[in-house]
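Here is how the chains run, residue by residue.
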Amino acid sequence: MTAGVPVIATDLVEIGKIIRGYDVGKIIDDISPQKLADEIKKMLADEDKLKKQKENCQIAMQDLNWEAQISGLENIYKGLI
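A brief look at the structure comes next. Model, not experiment: these values are computed from the prediction.

Scanning the entire structure with this criterion turns up 5 salt bridges. Across the pair E39 and K26 runs a salt bridge whose closest N-O atoms are separated by 3.9 Å. Of the two residues, E39 is situated in helix α2 (residues 33-45) and K26 in strand β2 (residues 25-27); the sequence distance between them amounts to 13 residues. On the accessibility criterion, K26 (37% relative accessible area) is partly exposed. With a shortest N-O distance of 3.6 Å, K42 and E39 are connected by a salt bridge. With K42 and E39 both in helix α2 and 3 residues apart, the pair spans about one turn of that helix. By relative accessible area, which is 5% here, E39 ends up buried.

Dropping the structure here:
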């Protein structure tokens, strides 16, 4: 995702939240080579959806970075002191 490329991943909690929340890829349960190949082909075949997911990757990169998170983290740390 950091390269602006949609991802195919298993449903790890935080990864799943990002993929679903920003629509930046596909979550799959079966990670066999054939299933991965099939999902990649499907992803590449749907050009409109792929374009939208690439755009969504850019939005996610703006939201999910250190600079965007720093003030929230500072507030959390201040509350602990």
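Packed helix pairs are characterised by how far apart their axes lie and by the angle those axes make with each other. For the pair α2 and helix α3 (residues 47-63), the least separation of the axes is 5 Å and the interaxial angle reads 90°. The orientation of α2 relative to α3 falls into the category roughly perpendicular. Where α2 approaches α3, its residues M43, L44 and A45 are matched on the opposing element by E47, L50 and Q53. Here the residues of the contact of α2 with α3 sort into 4 nonpolar, 1 polar and 1 charged.

Reading the values: rules and limits
- Residues numbered from 1 in each chain as written.
- Predicted model: local features only at pLDDT ≥ 70, side-chain atom pairs only at ≥ 80, totals over all residues.
- Heavy atoms only, no water.
- Salt bridge = Lys/Arg side-chain N within 4 Å of Asp/Glu carboxyl O.
- Helix = DSSP H or I, 4+ residues; strand = E, 2+ residues; numbered from the N terminus.
- Buried < 20%, exposed > 50% of the residue type's maximum accessible area, 1.4 Å probe, protein only.
- Axes fitted to C-alpha atoms, helices over the stretch in contact; angles between N-to-C directions.
- Parallel < 35°, antiparallel > 145°, perpendicular 65-115°, else oblique.
- Contact = heavy atoms within 4.5 Å.
- Nonpolar A, V, L, I, M, F, W, Y, C, P; charged D, E, K, R; others polar.

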